[in-house]
Amino acid sequence: MTSPRKGIRFYRALLQTLPAAFRARHEQAMLQTFSNLSEATGGKSLPKIRLWLHIIADHFKTAGRAWTREFFRRKERRHGFWDALFSDSRLTLWMLRRNPSFTIIAVTTIALGIAGATIAFTVVNGTLLRPLPYDTPESLVALFQTESNGPRLSAAGLSSPQRNPTSPGNFLEWQRDAAEVLDVMTAATPWNPVMTGLDRPDRLNGLRATYGLFEMLGVPAAMGRTFTRADEGSPHILVLGHEMWQGVFGGDPQVVGLNVNLDGETYEVIGVMPAEFRFPPFWAVEAGMWVPLEWEPDAAAQRRAAFLRVFGRIKPGVSLEALEARMDAIASRLEEDYSWSNAGIGVRVEHLSEPGLSVVRPTITIVSGFVLILLLIACSNVANLLLSRGAARQTELAIRGALGASQSRIIRQWMTESLIVAVLGGAAGLGLTIALKGPVSVLVSDLLPVTSALDLDYRVFGFALGISVLAGVIFGIAPSFLASRQQVGAFLRGNHTTTGSGNRIKTGLVMVEIALAVSLLTGAGLLTKSFIQLTNHDPGFSRKGVVALDLSFGASANGQWEERLVTYRTISRKLESLPGVAAVGFVNHMPVGSDMWGVRYVVQSAPVPVPGSEPRATFRVADHGYAQAIGLTLLEGRWFDGSETSEDDPTLVINQTMANETWPGESAIDQTIRLGTDDDGPIGRVIGVYRDAGQGQLRSEVGAEFYHPVTQDPTTWNTDVTVVIAGVDLEAATLTAARESIWRLDSEVSLTNMRTIESVLHTETSRERTSMAIVGGLAFGALVLSAIGLYGVLSFIAAQRKREIGVRVALGASTGSILRSGLKRAMTLVIPGLAIGMVGSLAVGRFLESLLWQVAPADPATFGAVALVLGIVSLGATIIPMRRASKTDPAIILREE
Amino acid sequence: MTKPKQPRLTPALFHILLCLAEEEEKHGYGIMLEVRERTAGAVKLGPGSLYWSLDRLEEAGLIEPIPEVASADDAKRRNYYRLTTRGKVTLSEETQKLAIIVELARERAVIE
């Protein structure tokens, strides 16, 4: 406190701790007083110290008093607020009881909107916002191989070509070189062994994963233990999932320690996982048991067959970008070191949740957007209801205004009403959500990742409350302000009609509703058209009359290749002899929804391509009966006849796309290609061309594809095959007989997943069907709500013009002319609404683009149909109130005046 | 309008009122100095308690600020106060009470 200036500054700082109101009144005077006191000390130390002691003591005393007072004042103000809210609420509830029809319509409308929004949020909450059920899931990643020239010899079960599995050779290099940034890196591959020792052999869905899997996930077993890196060298152990423990082992509490026979080998159950545990969260999602994955030394070095999915846990403090950079560097090194196998191969790193979510995110986003549009329409409707009621309550408002109610008091009263209606609607909506939770879960279960769960947790309740309040504010704000602007004078002069701005807002709201409904209808129309396209699309094989059944030889697969061929032939002949069966064929992978193996090839008659840029084709292995059984159409040449042997050169039947791409303008028959990229690879000869048929997904574009006969392919033909049976009206009895006859031949064969081709196509289009159903339902709701809105506003206008209409009718105007003038008025709302809606629809179309199949986002036919539907509905909503108005007896109206 | 709540007249408040009893308006600092002088330092107001007290008295309607006193340069910074009628009445009532107490004390020879 040397200079007075410093003293002043310090005192000013001290004053900042006083309540603002006190400071505003006295700060200047207090500072002045302080500086006078300070001058009076004459700059001597002792008086100065004494002054400061006095000032500080005084300050604390004052601050204590002032803040205590401030606290009580605020509390008093709050009391006033709550009192007013309480009386407003009481008044509102009384009013709502007095007007049950208004209450029911408003609350139901809002309840529907809120229920829609809350259900959509429940789905978002259960999927997009839900963390994966592992320890610190945010540091778990998935690593994929990317290939500049598409996947090679890989089980590309996923739709995106940029999420490919990798080979053991690459995995081991990744694992070694990424150890600084990743705590654990594990690889996994599906394993579907046949379990014997039960009544019937059963094929189980499992996953083989390297020993670090459970350590990486950080999830302990519910019973027994999981396998760890300490188990290395003893791969015959098994961890069960909860469902498989319940389903296959009947929930046996003694299951740990049990030995089971899988593919002819004995495995010991060492643990059972908790009920909510699932892994992986995408791709082989049905895995219900986990077994260690080990390689033979020579398999570990191989880099061609890519079948491993790779997962890792990032070290604390390392970013995803840092991991990406590290993996890119590793991939570049591998490209140099192993140019023969790794040319064009990169690595893609993602959060573990991403591959699963990226599939559902567009649908969820779109549906959520549409739900919010519906909620907005509901809000506009209720706003209109409130506006109309405002007109009816002019007397009340005028009296309150005359008694001195301030504008803000009236706004508050009206906002309270809106919020109470909204909260009641929200509560009803939440009830509806709870009631609909079951059916909705069933409806959307196909679309969502396995790790999702539709729980009604605190977030859902919070959301419902929040969105209700928001809706209340949205639909309450315009009516409240209009109410507060009610002119007492105008009312007393007998001007009882609503203000012009009231009507403008009402008509504006209806226009907005129509526009929103048009956008939603267009969305639904586009999705429906896309779905129809997809279901009517010719997949290139039979759409009906085909049944498929997966055969797994399991332990008996250890037999000779030639013996197996004999088994196939025997099964074929036995099945063909069953009643109703027209054709029987074997294939390794059914089209649509199954694995797709790929291979690169070199065209013999063309110049040698740069390594890594060889064309690639999907290949399938089938027997001589398959083309007829599945219904492929041969365009040129012939199908296999069963006489091909492994001593002959490989024969190929290729699809049209491959024929056109490889030998444009000439016949593909008898042309040759070298399979694989090795110089001494086998040379295949084309014997037939078939019309393009669906491959992985019905909606994806068809690429090059060829079939190769089973009799020439002892290596790629694995233990699992699909038998395809064609026939008209195949009876359940026939199918049972088919199973029995196969089991008579080999009792160790498991027969699973019997399905008709219709059900395969149905599943394939389930995403489209579900989104179409949901959006269609929303659009229907929107149409109904906006028709109600239009009807309401026109009824209101008709009521306002009752006198005018009465006079006109009295003067001899016909019903037709009254209707015409009403329609003219309606069109001033409908046409702008439709126009705005069409513009909005263009945006909606763009938004939906990812879900559309062979439909332009601005499809003219759909837009036209929507305009027509809306026109018809608005016509109905106009004619009814106008007719009623024109039918009123003019004498009654004129007497009322 | 309800009657403003009468604050309990603490010695500080009483002395401020007394200070303003002279027929002239005074500013805060002046009051502070005068009170200190009159009580020989027994009632010592700091700036905080001074303005807090003035607020209370003003709120009770016992004193009132004078909006504009054209007294040279410090007018910008200072409020001048004077007693209201109500303040005068209150002050005289309070003093009356004190006088009675003093009289009583004298009868019993508590003081001379």
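1. A few points about the overall build of chain B
Looking only at helices and strands, chain B has 4 helices and 3 strands in total. Order of helices (α) and strands (β) in chain B, N terminus to C terminus: α-β-α-α-β-β-α. For chain B, the proportion of its 112 residues judged to be buried stands at 40%. Taking contacts inside chain B between residues at least 6 apart in sequence as the whole, the part at least 24 apart equals 52%.

2. Observations concerning the packing of aromatic side chains
Counted according to the given criterion, the structure contains 25 aromatic pairs over all chains. Aromatic pair Tyr134 of chain A and Phe279 of chain A: ring centres 6.0 Å apart, planes at 70°, arrangement edge-to-face. Note that Tyr134 of chain A is positioned in the loop between helix H4 (100-126) and strand S1 (140-147) and Phe279 of chain A in the loop between strand S9 (265-272) and strand S10 (289-292), a separation of 145 residues in sequence. By relative accessible area, which is 1% here, Phe279 of chain A ends up buried. Note on Phe171 of chain A and Trp295 of chain A: the rings are 5.9 Å apart at their centroids and 50° apart in plane angle, and the pair reads as tilted. Linking Phe171 of chain A in helix H5 (residues 168-177) with Trp295 of chain A in the loop between S10 and helix H8 (297-300), this pair joins segments that are 124 residues apart in sequence. According to the relative accessible area criterion, Trp295 of chain A is partly exposed, its value standing at 22%. When the ring centre of Tyr338 of chain A is taken as origin, the NZ or CZ atom of Arg303 of chain A, which lies over that ring, is 3.5 Å away. Against the face of Trp52 of chain B rests Arg56 of chain B, its NZ or CZ located 4.1 Å from the ring centre.

3. Structural notes on the interface of chain B and chain A
Taken together, the contact pairs 18 residues of chain B with 19 residues of chain A. Between chain B and chain A lies a buried interface of about 1,900 Å² when both sides are counted; carbon and sulfur atoms form 55% of it. Viewed at the interface, chain A and chain B are joined by 3 salt bridges. Glu58 of chain B serves as the salt-bridge partner of Arg25 of chain A, at 3.2 Å between the closest nitrogen and oxygen. Those elements giving two or more residues to the side of chain B that touches chain A turn out to be helix H2 (28-38) and helix H3 (47-59) of chain B. For the side of chain B that touches chain A, the leading source of residues is H3 of chain B, giving 9 residues. Residues belonging to the side of chain B that touches chain A are distributed by class as follows: 7 nonpolar, 3 polar and 8 charged.

4. Let's talk about the pairing of strand S11 (residues 309-314) of chain A
A regular strand places its side chains so that they alternate between the two faces of the sheet. Residues and elements named next belong to chain A. Burial runs high along S11: 6 of the 6 residues are buried. Burial along S11 is two-sided: Arg309, Phe311 and Arg313 and Val310, Gly312 and Ile314, pointing in opposite directions, are all buried. As defined by bridge partners, S1 adjoins S11 across 4 bridges and the pair is classed as antiparallel. For Val141, the partnering residue across the bridge sits in S11 and is Gly312. Strand direction decides the pairing type here: strand S2 (residues 182-191) and S11, joined by 6 bridges, are antiparallel. Looking at S11, one finds that Val184 is bridged to Arg313.

5. Notes on the domain arrangement of chain A
Partitioning chain A into domains gives domain 1 (4-96), domain 2 (139-319), domain 3 (358-526 + 766-896) and domain 4 (554-748). One C-alpha centre belongs to domain 3 of chain A, the other to domain 4 of chain A, and the line joining them spans 58 Å.

6. Examining the pattern of salt bridges
All names here are of chain A. Within the structure shown, the criterion is met by 34 salt bridges over all chains. Across the pair Asp641 and Arg638 runs a salt bridge, and its minimum N-O distance is 3.9 Å. A residue is classified by how much of its surface remains accessible, and Arg638, at 37% relative accessible area, is partly exposed. Glu644 is the partner of Arg638 in a salt bridge, and the nearest nitrogen-oxygen pair spans 3.9 Å. Linked by salt bridges that have partners in common, Glu173, Arg176, Asp177, Arg303, Arg333 and Asp337 make up one network.

7. Topic: the sheet that holds strand S2 (residues 63-66) of chain B
Residues and elements named next belong to chain B. On the basis of which strands lie adjacent, the open sheet formed by 3 strands has the order S1-S3-S2 and antiparallel pairing. Because the sheet does not close on itself, it has two edges, and the strands there are strand S1 (26-27) and S2. Summarising the sheet, S1 and strand S3 (residues 80-83) pair through 2 bridges and their orientation is antiparallel. Residue His27 lies in a different strand from S3, and its bridge partner there is Tyr80.

8. Quick notes on the environment of Ser53 of chain B
With respect to the helices, strands and loops of the structure, Ser53 of chain B is situated in helix H3. When neighbours within four sequence positions are excluded, Ser53 of chain B is seen to be in contact with Leu13, Ile16 and Leu45 of chain B.

9. Comments concerning helix H12 (residues 394-402) of chain A
Residue and element names in this part refer to chain A. By the burial criterion, the buried members of H12 are Gln394, Leu397, Ala398 and Arg400. Projection of H12 onto a plane perpendicular to its axis shows the buried side chains occupying an angular sector of 165°, all on one side. Just past H12, the residue Gly404 takes up positive phi, approximately 100°.

10. Quick word on the side chain of Asp88 of chain A
Within the secondary structure layout, Asp88 of chain A lies in helix H3 (residues 45-98). Excluding anything up to four places from it in sequence, Asp88 of chain A contacts Arg409, Arg412, Gln413 and Thr416 of chain A.

11. A look at unusual backbone geometry
All names here are of chain A. With an omega of 0°, the peptide bond running from Phe279 to Pro280 counts as cis. By the element assignment, Pro280 lies in the loop between S9 and S10. Even without being a glycine, Asp670 presents a positive backbone phi close to 70°. Mapped onto the elements of the fold, Asp670 is located in the loop between helix H19 (656-662) and strand S19 (672-675). With a phi close to 55°, Gln854 is a non-glycine residue in the positive phi region. Relative to the elements of secondary structure, Gln854 occurs in the loop between helix H24 (815-848) and helix H25 (860-887).

12. Some points on a nonpolar patch on the surface
Residue and element names in this part refer to chain A. Taken together, the side chains of Val423, Leu465, Val469, Val473, Ile477 and Phe481 make up a nonpolar region of the molecular surface, amounting to roughly 470 Å² of accessible area. It is helix H14 (residues 458-484) that provides the largest number of residues to the nonpolar patch, a total of 5 residues. Along the polypeptide, Val423 turns up in helix H13 (residues 407-444).

13. Structural notes on the confidence of the model for chain A
Here chain A averages 84 in pLDDT, while 94% of its residues score no lower than 70. The low-confidence segment residues 150-161 of chain A, where pLDDT is below 50, has 34 contacts with residues more than four positions distant or belonging to other chains.

14. Regarding a negative patch on the surface
A cluster of acidic residues, Glu562, Glu563, Glu647, Asp648 and Asp649 of chain A, forms a negative patch at the surface. One can find Glu563 of chain A in helix H17 (residues 561-576).

Criteria and cut-off values
Residues numbered from 1 in each chain as written. Chains lettered and ligands numbered in written order. Predicted model: local features only at pLDDT ≥ 70, side-chain atom pairs only at ≥ 80, totals over all residues. Heavy atoms only, no water. Helix = DSSP H or I, 4+ residues; strand = E, 2+ residues; numbered from the N terminus. Buried < 20%, exposed > 50% of the residue type's maximum accessible area, 1.4 Å probe, protein only. Contact = heavy atoms within 4.5 Å. Phe/Tyr/Trp six-rings, centres within 6.5 Å; stacked < 30°, edge-to-face > 60°. Lys NZ or Arg CZ within 6 Å of the ring centre and 35° of its normal. Buried area = accessible area lost by both parts, 1.4 Å probe. Salt bridge = Lys/Arg side-chain N within 4 Å of Asp/Glu carboxyl O. Nonpolar A, V, L, I, M, F, W, Y, C, P; charged D, E, K, R; others polar. Pairing = 2+ DSSP bridges. Domains from an automatic or database assignment. Arc of directions from axis to C-beta. Patch = residues over 30% accessible without salt bridge, like charges linked within 9 Å, V, L, I, M, F, W, Y side chains within 5 Å. Areas by Shrake-Rupley, 256 points an atom, 1.4 Å probe, with all protein chains shown as cover. pLDDT = per-residue confidence, 0-100. Lys, Arg positive; Asp, Glu negative; His and termini not counted. Charge placed at Lys NZ, Arg CZ, Asp CG, Glu CD.

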